[in-house]
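One letter stands for each residue in the lines below.
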Amino acid sequence: MSKLGFKLTLQTRFVIFVSMTFILIISAISYYYIVTEIQHYKEVYHDKGIILARTLAANSEYGVLILNRDILLSLVQNTIKEKDVVYAILENADGKVLSSAGMSGNIPLPASYAEKRPISQSKDPEPAISSRDLGGKIGLVYDIAFPIITNVAGSGIAEEEMLGLMGGKGTAAKATLKTIGMARIGISLIGMNAAITAAMRATLLISFASIIVGIFFSLLLFSMISGPLNYLLEGTNKLASGDLAYRVKYTRDDEIGALARSFNDMAKKLFDARKEITEYSTDLEKKVEQRARELQESETRFSSVLDQATETIIVHDSDGRIIEANQEAFRELGYTMDELLKLSIADIDPEAITSGKGELWGKVLSGERFTFESRHKRKDGTFYPVEISLGRIVLGNKTQVIAMVRDITDRKKSEEETRKHLEETKKLYEDLKSIDKMKTEFLSVISHELRTPLTPIIGYITMFISETFGHLDPKYIQKAEIIKKESEHLHGLIESLLDVSRLERGVPMQPNKEPLSILTLLEELKEVMKPQFDSRKMTLEIKLQDGFPAIMADVNKIRRLITNLLGNALKYVPAGGGIIIKGTYDETKVRIEMIDNGIGIENANLKKIFDKFFQVDGTYTRAAGGVGLGLAIAREIVTSHGGKIWAESDGLGAGSRFIFTLPIA
Amino acid sequence: MAKKVLIIEDYPATVEMIIAYLEPQGYAVDFAFDGQSGLDKMAASKPDVVLLDIMMPGMSGLEVCKKMKADPKLAKIPIIVVSAKVTSDDIKAGLSAGADEYLVKPFDMKQLTDTIKKRA
């Protein structure tokens, strides 16, 4: 509804309502007034007519009695001079007109009057009144007839008879009244009509003025209400058109003012609410947009990931039907996407159902994960081995199963090859082990077989030297000593072979521990080996920390250990060199360090030198001799005692340090 | 009276060498090349000490030890094992079979006479 339409309609209605109310009230008042006025005029005319008629009748008694026409004429002429009297007529008792003025003669008496012609002798007779329309300018006329009565005292028989008839028997009246004629006048109501018309005119005029005033006041009244309302209306329109910041500027402290304040409160609340909604909505829109973008990205990423995957990925619904698959799935299985999406798990993996793996399905749906091997069937009916991982995806109330399928044809082939290879390796290992065992046994046998002939050799040579068989030329004895020395060397090699044999068998050395004084042992060995040191012009120095403790150890093993280390040093330290043995200790162990100024050891070989048969240059060195077992055996001895052994060197030519520790207890 | 030494050894050169070594020192040395004949000889000659090899064809030295210990007439004869079987297991086996001493080949000649003197 437009602003204008609303306003006019309400205003028009208001004005019409007020005007109609005015018209109704004024019409009612006017009607009552006019009706009352008409009644009043009628009574006035009526009474006036009666008075005039009576006066005429009274005045004309004498004239009628004497029949003086002139008197009668002047009487009627005077009578019609009275306002509104249109005629005056004097009749005798027989109805004959004695005199008349104005209209006369042609006016018939009312029938009723003739019958009721008053004949009583009443001093105050009743007039006979009737009305008739004479038409023309005269219109409605009241016809009033009044009897002309005269007093007759005892006169005539006829008159007495008449009295007897009229007044009742036996009543003797002192005076006798006798109707001798009739005075008639006609009073026109035209004057009354004009007065009434004027009154009506005035009434209408007042009514009209009242209506004008009414409309004016109703408009004024309306504007008194609608003016302030317009403020509200404007506010409402502003509000409706979206201007929530608009406030009604009506501050008067009346009902409209209260309404305006309510309105402003409401507008403020609306404004705040709209602001909040707008902010929220903006925020929400941003979030929705962001979420939509993320979702899009996520979906793109998901499908990219699916398609980038080198594995076949298939998504099944809970009944096993295929609902999604990646490129690899089409490629592997040979189906198109449309074909694949019509298939179920049984179509591509018939064995999963028949082989009892079907039971897995329920477990997968309840959240377990499984990885197992199976065979997948291609579109062309061929099978290929696969490894399948099944996992569950829960989307709302839907449960789906995602299957990661790896083609393991190559792996199977490779596994088979590996298995064969492993078998071959095993066989080779067994062969090698048996060869190794043979070697160990061989070494053991060799050791035994070499000792046997060596026994008489050493025995005899010893006897030669001690001249058991008689005196020998010193030069023979000298050579015999060489034989003996070389035989002892051979003996040493045989001992080493035995150690090798034992090491090869992996039999742990079991030291027979007893209290041992390292110092005593070192000094004994120094004495024993003195010839060897002397022959090479080498020195051996022993420096043990004061209070060096006795340790629990196998005397023979430790002797071998030190002999080996010293023998090693003798081999690799040039003539004229020196060896220092330093001993330190703490609460739990002793530490022996053998320092030489020999050829040294390359860093790369520091550990390797403890390996069996290791020779620094990989070849048998005649000058150094030995078979490369000395340090391996030394390590074996130290570790069997629960100690450690290692070598240090600053490089070739820088000498070397062999260090071992042994627990005290 | 000279101490009687019985050598039971299948390697003749060793037997000969030991005889050559011991006889000049005044020992009466007899020998056998296998276990059974060794047992026979010791039953007959009642030696003061037996030098016994382990690795021999037929009856091994360990069996000889056991048989001697089982025979009351031989049980008290001291047994010195002289063997090329030199591992600790071998030595334990010999000693537990009844040997009194265990010398490994090649042995030190002085050690041999010391041991014989100690046991005979």
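Calculation rules
- Residues numbered from 1 in each chain as written.
- Chains lettered and ligands numbered in written order.
- Predicted model: local features only at pLDDT ≥ 70, side-chain atom pairs only at ≥ 80, totals over all residues.
- Heavy atoms only, no water.
- Axes fitted to C-alpha atoms, helices over the stretch in contact; angles between N-to-C directions.
- Helix = DSSP H or I, 4+ residues; strand = E, 2+ residues; numbered from the N terminus.
- Parallel < 35°, antiparallel > 145°, perpendicular 65-115°, else oblique.
- Left-handed = near helix turned anticlockwise from the far one by under 90°.
- Contact = heavy atoms within 4.5 Å.
- Nonpolar A, V, L, I, M, F, W, Y, C, P; charged D, E, K, R; others polar.
- Buried area = accessible area lost by both parts, 1.4 Å probe.
- Salt bridge = Lys/Arg side-chain N within 4 Å of Asp/Glu carboxyl O.
- Polar contact = N/O pair within 3.5 Å; in protein donor to acceptor, adjacent residues only side chain to side chain.
- Pairing = 2+ DSSP bridges.
- Core = buried A, V, L, I, M, F, W, Y, C linked by side-chain atoms within 4.5 Å.
- Buried < 20%, exposed > 50% of the residue type's maximum accessible area, 1.4 Å probe, protein only.
- Phe/Tyr/Trp six-rings, centres within 6.5 Å; stacked < 30°, edge-to-face > 60°.

1. Notes on the packing of helix H1 (residues 12-22) of chain B against helix H5 (residues 109-119) of chain B
Between two packed helices, the angle of one axis relative to the other and the distance separating the axes together describe the packing.
All names here are of chain B.
Turning to step 1, where the next piece is worked out: Where H1 contacts H5, the two axes come as close as 12 Å, and the packing angle between them is 70°. The orientation of H1 with respect to H5, classified from their angle, is roughly perpendicular. Seen along the crossing, H1 lies across H5 with a hand that is right-handed. Contacts between H1 and H5 involve Met17, Ile18, Tyr21 and Leu22 on the former and, on the latter, Met109, Lys110, Leu112, Thr113 and Ile116.
Turning to step 2, where the next piece is worked out: Across the contact of H1 with H5, the residue classes tally to seven nonpolar, one polar and one charged.

2. Here we look at the interface of chain B and chain A
Turning to step 1, where the next piece is worked out: Taken together, the contact between chain B and chain A spans 17 residues of the former and 17 residues of the latter.
Turning to step 2, where the next piece is worked out: For the pairing of chain B and chain A, the buried interface totals around 1500 Å² over both sides, and the portion due to carbon and sulfur atoms is 75%.
Turning to step 3, where the next piece is worked out: When the buried surface of chain B facing chain A is broken down by residue, Met17, Ala84 and Pro106 of chain B rank first, second and third, together holding 34% of it.
Turning to step 4, where the next piece is worked out: For the interface between chain B and chain A, the tally reads zero salt bridges.
Turning to step 5, where the next piece is worked out: Inspection of the chain B/chain A interface yields two residue pairs in polar contact (both at pLDDT 80 or more).

3. Quick notes on the sheet that holds strand E15 (residues 589-596) of chain A
All names here are of chain A.
Turning to step 1, where the next piece is worked out: One open sheet holds the five strands; their spatial order is E12-E14-E15-E17-E16, and the pairing between them is mixed. Bordering the open sheet on either side are strand E12 (539-544) and strand E16 (644-649), each of which pairs with just one other strand. Mean inter-strand twist for the sheet, computed between neighbouring axes without regard to direction, equals 15°.
Turning to step 2, where the next piece is worked out: As defined by bridge partners, strand E14 (residues 578-585) adjoins E15 across seven bridges and the pair is classed as antiparallel. Within E15, the residue paired with lysine 582 across the bridge is glutamate 593.
Turning to step 3, where the next piece is worked out: The strands that helix H14 (residues 518-535) touches are E12, E14 and E15; relative to E12, the one it contacts most, it runs at about 175°.
Turning to step 4, where the next piece is worked out: Of the strands in this sheet, E12, E14, E15, E16 and strand E17 (656-663) are in contact with helix H15 (residues 555-572), which crosses E17 at around 175°.

4. Thoughts on the nonpolar core
All names here are of chain A.
Turning to step 1, where the next piece is worked out: Residues Ile558, Leu561, Ile562, Leu566, Ile579, Phe658 and Phe660 are the most contacted members of the largest nonpolar core, which totals 42 residues.
Turning to step 2, where the next piece is worked out: It is H15 that provides the largest number of residues to this core, a total of seven residues.
Turning to step 3, where the next piece is worked out: For isoleucine 579, the residues in contact, after removing those within four places along its chain, are Phe533, Met538, Thr539, Leu540, Glu541, Leu566, Ala569, Met594, Ile595 and Asp596.

5. Overview of the side chain of aspartate 554 of chain A
Residues and elements named next belong to chain A.
Turning to step 1, where the next piece is worked out: Along the polypeptide, aspartate 554 turns up in the loop between strand E13 (551-553) and H15.
Turning to step 2, where the next piece is worked out: Here aspartate 554 falls in the buried class, since its relative accessible area comes to 7%.
Turning to step 3, where the next piece is worked out: If near-sequence neighbours (up to four positions away) are discounted, aspartate 554 is found in contact with Gln510, Pro511, Asn512, Lys513 and His641.

6. Examining the packing of aromatic side chains
Residues and elements named next belong to chain A.
Turning to step 1, where the next piece is worked out: A complete count under the given rule lists six aromatic pairs over all chains for this structure.
Turning to step 2, where the next piece is worked out: Each ring, one from phenylalanine 464 and one from phenylalanine 469, has its centre 5.9 Å from the other, and the planes form 75°; the classification is edge-to-face.
Turning to step 3, where the next piece is worked out: In this structure phenylalanine 464 comes out as partly exposed when scored by relative accessible area, which is 36%.
Turning to step 4, where the next piece is worked out: Judged by relative accessible area, which is 44%, phenylalanine 469 ranks as partly exposed.
Turning to step 5, where the next piece is worked out: Through a chain of ring-to-ring contacts, three or more aromatic side chains come together here, namely Tyr460, Phe464 and Phe469.

7. Some details on the sheet that holds strand E3 (residues 49-52) of chain B
What holds strands together in a sheet is hydrogen bonding between their backbones, with the strands either parallel or antiparallel.
Residue and element names in this part refer to chain B.
Turning to step 1, where the next piece is worked out: Strand order in the open sheet formed by five strands is E2-E1-E3-E4-E5, with parallel pairing between adjacent strands. Of all the strands in the sheet, just strand E2 (28-32) and strand E5 (101-104) have a single pairing partner and so form its edges. Sheet twist, expressed as the average angle between the axes of neighbouring strands with direction ignored, equals 20°.
Turning to step 2, where the next piece is worked out: As paired elements, strand E1 (residues 4-8) and E2 share five bridges and run parallel to each other. Counted as the bridge partner of lysine 4 is alanine 28 from E2.

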